[in-house]
Amino acid sequence: RATSNHKVKETVALELSYVNSNLQLLKEELEELNSSMDVYQNDSEAISVPMIPLGLKETKELDLLVPLKDLISEHYGEEGVLFEKEIKEFMELRQAMRTPSRNEAGLELLMEYYNQLYFLDSRFFPPTKGLGVFFHWYDSLTGVPSHQRALAFEKGSVLFNIGALHTQIGARQDRASLPGLNQAIDAFQKAAGAFNYLKENFSNAPSLDMSAASLNMLVRLMIAQVQECVFEKMTLLRAQHDFLARLQLAQEAARVEDVYSLVHQTMTQAHVKDYVPFSWITMVHVKSEHFKALSHYFAAIALCDCPVASDAELPEQEKAFIQFHVTMPEGPSLRIILQDPEERRKLGKAHLKKAIMKHEEAMRIHGLCKILRKMDILQEVLSFAHKRSLSKYSEIDHEEDFFETGDAPDIHPKTHQKPEIKSPNFSQVKVTDLFHRLGPLSVFSAKNKWYPLRRVHLMRGENGFGFTLRGDSPVLIAGVIPGGCAAEAGLKEGDYIISVNGKDCKWSKHAEVVQLLKSTGAEGVEIGVITLQGSEGPKAADKKAAAMSSGGGLLKSNKENNRKSLMNNKSASTLLVWSKKSKRSKKSTYGVPFTAVGDNEVMY
């Protein structure tokens, strides 16, 4: 575009084609590494179809020592060096979170770090100013790096890894046993919940793996894998020789085919197709055809291997068979089909013919993908199912059959266990604020500003100190009597008591502060107080008390401030918006100061 010289244009075009082909080769190599399904499969000798797990997003190391020390000095007026232990502890937690073990302990580690990010956000990310650090994360599938200043990107990436780790745990289960199947179902449902939560609470993600289209695809993929496990569970639990059980198996297989078809449609959409590994698209397509074949196979087995219904069984079997096919089979009525062995054989043969066609289609699609061709287990499963259908067809095919085998109608999909999207339970991992010593979050947070600490010397008068106190952690001066000792010393309504005679009282209960004040002698008492900016005067103090005692006020303002801080961020692409309230740890050490006392005030 920058030149009109044709020779230069041709040279540049040629060079770009070389670069493009090299990038394509690199992309294919990365795809093969990042989408490897073999790594996460179980070591059981039993044959089961492989599941699709996700690799974790990787991240760079992050040094927060200097930025956090500076902010503690600047914003909180404390010596940053005194908090080095807490900062290092947080950084060690982040370092450990980068390589979690593939088990429950790894999930707890990710959840613990995720919950700590709430406190980091509240303590160190003011609405109008960033921390000045970038969070670097790599795409789960392509390895493409992204970075942002917004802490929401860090939260989202950790949440993605929680989902990804669930997929790896699910893929590792031994699905030949009932406990293994139940664990796999639980893991894939929790993975779907994590990706769905991410999709609903974040937008404009800088990396493709966290885009709405990708997350939607991942949720559907996890649901399909749950449905596949439900089918496998049914094959373990149900008596194979029972007619109704085999009809249910056929419908369950049709349901699995149905959900995998939906996943395949989602994966082949414009925004997703070029991003999702070809091996995934092929695997999903193969499974769709494979389970369609199985649905027809089990229909044929029900018709050909089960004894003809007795008069007592007929009503129940007829009721089940009416809802079995998508369209009614051609020929005689259902009652005649159920009672006539020859008619059952004819319809069973039509189902087997369709099953064999679908098995062959699954094997053909499987052969198109280099990565899947290396997966011996999948090849074995497809081959076994195909041979089983062929064998059954040969068994029921008579030489004297002169009728043309009809086209069997498709089977109506139905499941006895609908997959559940299990949202993350953040409260299951209890955490305490690492920066607890800075004081209660209701006052000492990044969004609040306060005037410098004032030290006031008080002498007890005839009527006491001349103020009323209210609340806990920290205790608030709710009223100052005009002309009293407190008023003369410069104390104001709305001041927070944070020290008494040098003892830190940020976390002290009402009774503890009162006891410290009462134990002073004739020499008086030195009180350290702070005043929040914008809360001066009786009206403002009352408004603050009302807001804090109204339950959700604090969380709502945090949410709004988070939104403002993200919108004010000047990075090229901003991740918006962390919008829903998460369930937080009950141990969390942030409190609403007035709720315990209500409107009760005590005069001192």
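Looking at an unreviewed UniProt entry, one finds the chain named RHPN1 protein, with Psophia crepitans as its source organism. Its UniProt record gives the chain a comment under Sequence similarities (unreviewed entry), which states: "Belongs to the RHPN family."

**Things to note about the overall build of the chain**
In terms of helices and strands, the chain carries 19 helices and nine strands. Residues counted as buried form 52% of the 604 residues belonging to the chain. Carbon and sulfur atoms form 52% of the exposed surface of the chain, whose accessible area is close to 28,500 Å².

**Focus: the nonpolar core**
Ranked by size, the top nonpolar core spans 135 residues in total, and within it Phe 124, Trp 280 and Phe 321 carry the most contacts. The element that contributes the greatest number of residues to this core is helix α10 (residues 278–305), accounting for 14 residues. Residues Phe 465, Ala 486, Cys 505 and Val 513 belong to the second largest nonpolar core, which totals 18 residues.

**Quick look at the packing of aromatic side chains**
Two aromatic rings, taken as a pair, are described by how far apart their centres are and by the angle between their planes. Summed over the entire model, instances satisfying the criterion amount to 17 aromatic pairs. Relative to Trp 450, the ring of Tyr 76 lies with its centre 5.7 Å away and its plane at 55 degrees, an arrangement referred to as tilted. On the criterion of sequence distance, the pair formed by Tyr 76 in helix α2 (residues 65–76) and Trp 450 in the loop between α15 (376–396) and β3 (454–458) is long-range, its members being 374 residues apart. Relative to Phe 435, the ring of Phe 124 has its centre 4.8 Å away and its plane inclined at 85 degrees; by these criteria the two rings are edge-to-face. Of the two residues, Phe 124 sits in helix α4 (residues 104–124) while Phe 435 sits in the loop between α15 and β3, which places them 311 residues apart along the sequence.

**Focus: unusual backbone geometry**
With an omega of -5 degrees, the peptide bond running from Ser 473 to Pro 474 counts as cis. Along the chain, the position of Pro 474 falls in the loop between β4 (467–470) and β5 (475–480). Positive phi values are uncommon outside glycine, yet Asn 204 reaches one of about 55 degrees. With respect to the helices, strands and loops of the structure, Asn 204 is situated in the loop between α6 (178–201) and α7 (212–237). Using a relative accessible area of 53% as the deciding quantity, one classes Asn 204 as exposed.

**Some points on α6**
The first and last C-alpha atoms of α6 sit 35 Å apart over 24 residues, in line with the 34 Å expected at 1.5 Å per residue. Its side-chain oxygen placed 3.3 Å from the backbone nitrogen of Gly 180, Ser 177 serves as the N-cap of α6.

**Digging into the side chain of Lys 506**
The residue Lys 506 is located in the loop between β7 (503–504) and α17 (510–518) in this model. You can call Lys 506 buried: its relative accessible area is 6%. A distance of 3.1 Å separates polar atoms of two side chains, one belonging to Lys 506 and the other to Glu 78. With residues near it in sequence (within four places) discarded, Lys 506 still touches Glu 78, Arg 437, Leu 438, Gly 439, Pro 440, Phe 444, Ser 473, Pro 474 and Ile 498.

Conventions used here
- Residues numbered from 1 in each chain as written.
- Predicted model: local features only at pLDDT ≥ 70, side-chain atom pairs only at ≥ 80, totals over all residues.
- Heavy atoms only, no water.
- UniProt positions renumbered as here; feature names shortened; annotations may be inferred.
- Helix = DSSP H or I, 4+ residues; strand = E, 2+ residues; numbered from the N terminus.
- Buried < 20%, exposed > 50% of the residue type's maximum accessible area, 1.4 Å probe, protein only.
- Areas by Shrake-Rupley, 256 points an atom, 1.4 Å probe, with all protein chains shown as cover.
- Core = buried A, V, L, I, M, F, W, Y, C linked by side-chain atoms within 4.5 Å.
- Phe/Tyr/Trp six-rings, centres within 6.5 Å; stacked < 30°, edge-to-face > 60°.
- Expected span 1.5 Å × (residues − 1).
- Polar contact = N/O pair within 3.5 Å; in protein donor to acceptor, adjacent residues only side chain to side chain.
- Contact = heavy atoms within 4.5 Å.

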